[in-house]
Structure formats: structure tokens, C-alpha cells
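Each chain, letter by letter, is given below.
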Amino acid sequence: MSTRRILIAATSLVALATMSNAEYLAYKGSGGIGQGKHIVFIANDHEYRSEEACPTLAKILAKRHGFKCTVLFGLDENGAIEPGGRDMPGTEVLEDADLLFFYSRFMNLPDKQVDPLVEYFERGGPVVGVRTSTHCFNGQKGKWEKLNFDYQGNDYYGGMGEQIFGNTWNKERGQSHYGSNHVMGCLITPDPTAASHPILQGVNRIHAYSGAYKSQPPAGATPLLNLQVLYTFHPSDDYNTEKPAVNAGWTRDSYTTPSGKTKKARVVYASYGASEDLLSEDARRFLVNACLWAGGWESEITPNLNVDVVGSFSPSAYNNGAGLTGIMPADLAAWNSQIMPSDAKIGGLSDPKKIERLGRVVKNRPHLRARIAEEHPEFFAPGGLLEEF
């Protein structure tokens, strides 16, 4: 083969690799407790900004502790990150994953993208899940309909959320809203019965901005966290006395796979997880510790393990409507990249219904209100959709 043809072939391979990697993130650590170990993050929910939380945690685990961390996103037709997107390329990387960090809500994906996820569980891979991962699929048809959160068949009742994590979105037997989003924050503390658990090393107080879920830990689970709803959105000791403390996280040592097999595997679930929650050092610490414990590396957990954010972290307001648009996975690839980019545009502001839903969102976030008011003063003017806020 001529030198010219070799160069052309090599260039094509590089271009192909670049195109593939542009669809997801791969942070590669160098040395440390995670050397040689691969954690895959699935970041694809519609509301709580998994696309911000997952890269933040992945960078910590890679840069601070040496893991290889791959982050998969829902993407739009232009390859930009789309929360809850119906295209999530890259799931084949799960083939060599040592741990899955799972953060999704009501996903609906092509079968070929679901297959590697199912195969991961069929081989008994450990998993850490947060917030909406108990209701991870919705509207899936055909081959993987049984993964849906409301699946009623006896062969996989409650779908992947109930069978893997032990809860689904169901008020009677699973989860439901307990504290109001954007209005009531919550204080999360270790369950006294689990004080010696490795995951709780160094964890004392977590302030969560995400509204409380009322969860029902599955039989045989080990409770780890308790949650107290607050009267305030921001951190305080102003407890909502009308709402008794409830569970906010647990571990279990097995799950049921889509094929119906019981697999011995470590599972951790926490009901918080909005990207704004990760402003709390202890919120980050719990999730980093959870990854180490689930992966079988708990001997490396210490109370002062480094969980400092890598690069800049400016989480956006969670909501199910307006959000940042046009962000490519590559925009978050550098160690010093900001999550999320300061020049990212807010989308969804042309839809009156979405604008109206922003009222509660901006009420307790003056910085966001100021930004929207600067770009769209008419929203807050007399007669505007957000006049009251």
C-alpha cells in the first residue's frame, strides 16, 4: 500500500473515532484508586439536569481518583445534548464497564441502544442510581416494553426501576412527590441505623434543592439516608413539621434482570440528585462513596476523600420546560470546562406553556430571573406571563 493511501486510511480512522467520541464524553484519569477501572454514566432525564450532574461527578472520579469515566447523553438531530432525548448513542461502551451510574427519566430509545444496557444487567453489573432512575423508561414499545415504569406484566412488574432499584413511580407501592419542587428544599442526613456503613464516611448534612420524594425502600434493603422537608428552598433549619422525615436512599445486594434472573450485585439508590444538589460537598461525597462501594472498592473510602469539583460548576435551574440549548458533549470535555457553558442560550422561551411554568422556578432563583428579564423584559411587564414573579 502506498504511503499516500496509508495516510488517507489513517486520517479516515481518526475522523471516524472523532465523530464517535463527539457523541459522548470520555474522561481518562491517570493513576489513583481508579486506575484500570471504567465507570459509565447514563445522563438522560427531562428535568433534573443529569446532563450537568453526571459530567461533574465523572470529572471528580476521573481527575481526582484515576477512573476512566464515560458519559452518555440524549442527543438531538444536530448532536447537541437534549435532556430526555430519544437518541442516546454509545451504549456499547457498557460492554467493558465496571460500574454503571444511572440517571434517566422516562427514556424511550431504539432497541439497539437499549440492548447493551440490558446485557449489562444480565451479567450482574453493579449500579448506582439517583432521583428519577426509578422511573427510567416510558413509552418503550415491542421488545423492551417491559422496562417501562408502569409495566403491569408479571414477568417484570413495575419495569426496570422497580426490579433494579426496588421502586417505581407509584404512590401506593413506590415513590411520589412529598415536598414541592422549587419551593421546599430538604435536609438529608445519615440514617442512624447505618452510621458505620462505608458510604456514609464523611457524610453529615446534605442540602437538596430537588423537592422531596416519598420512597418506600424494598424488602431487604439497607436504609442509608433520611430526609426532612424544609419550609425554605435554600439551606435552613426551618423544618416542615407537617411532613415527618422519610427515607432518601438505600442499598440492596441483588436485582432481577429483564430475563427474570436474580443477580447478586451491589445497588445504591438516592432520591436526590438535581445538579443544584451537587453544590453540597456532602451530596457529592455520598455519590462518590456510593460508586466506590458499589464497585467493590470500599477499602479506598475515607472521610476526607477529595470530592472537590474539577473546573467550574454553574448548575442551571432544574425544571421540565425551559433549559440550556446547543451544548455539544465536546463543550464539556476539558478538565477546566465550565458545567454549563456561560454563553449557553436558554431554550423553550417561545412556548407560552413553558414560560408560565417558569414562575415557581425563578421565584427562588433571582439570578435566573434577572437573566431572563434582561433577554425578555416583556415576560415580567404588566400583563406578561410572569408578571406575578
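All values derive from a computational prediction rather than experimental measurement.

J.: Describe unusual backbone geometry, naming the residues involved and giving the relevant values.
T.: Following I339, the chain continues to M340 via a peptide bond in cis, the omega torsion being 0°. Here M340 is to be found in the loop between strand 15 (338-339) and strand 16 (345-347).

J.: I'd like to hear about the packing of helix 6 (residues 352-363) against helix 7 (residues 366-375), residue by residue, with values.
T.: Interaxial distance between helix 6 and helix 7 falls to 7 Å at its minimum, and their mutual angle equals 135°. Between helix 6 and helix 7, the angle falls in the class oblique. Packed against helix 6, whose contacting residues are L358, V361 and V362, the element helix 7 presents P366, L368, R369 and I372 at the interface. A per-class count over the contact of helix 6 with helix 7 returns six nonpolar, no polar and one charged.

J.: Provide a residue-level description of a negative patch on the surface, including the pertinent values.
T.: Together, E95, D96, D98 and E119 make up a negatively charged patch on the protein surface. Within the secondary structure, D98 sits in the loop between strand 3 (68-73) and strand 4 (99-104). Residue D98 is classed as partly exposed on the basis of its relative accessible area of 32%.

J.: Can you break down the side chain of E51 residue by residue, with the values?
T.: Topologically, E51 is positioned in helix 2 (residues 50-64). Excluding its chain neighbours within four sequence positions, the residues that come into contact with E51 are A43, D45, F73, I81, P83, L332 and M340.

Each value, and the rule that gives it
- Residues numbered from 1 in each chain as written.
- Predicted model: local features only at pLDDT ≥ 70, side-chain atom pairs only at ≥ 80, totals over all residues.
- Heavy atoms only, no water.
- Helix = DSSP H or I, 4+ residues; strand = E, 2+ residues; numbered from the N terminus.
- Axes fitted to C-alpha atoms, helices over the stretch in contact; angles between N-to-C directions.
- Parallel < 35°, antiparallel > 145°, perpendicular 65-115°, else oblique.
- Contact = heavy atoms within 4.5 Å.
- Nonpolar A, V, L, I, M, F, W, Y, C, P; charged D, E, K, R; others polar.
- Patch = residues over 30% accessible without salt bridge, like charges linked within 9 Å, V, L, I, M, F, W, Y side chains within 5 Å.
- Areas by Shrake-Rupley, 256 points an atom, 1.4 Å probe, with all protein chains shown as cover.
- Salt bridge = Lys/Arg side-chain N within 4 Å of Asp/Glu carboxyl O.
- Lys, Arg positive; Asp, Glu negative; His and termini not counted.
- Charge placed at Lys NZ, Arg CZ, Asp CG, Glu CD.
- Buried < 20%, exposed > 50% of the residue type's maximum accessible area, 1.4 Å probe, protein only.

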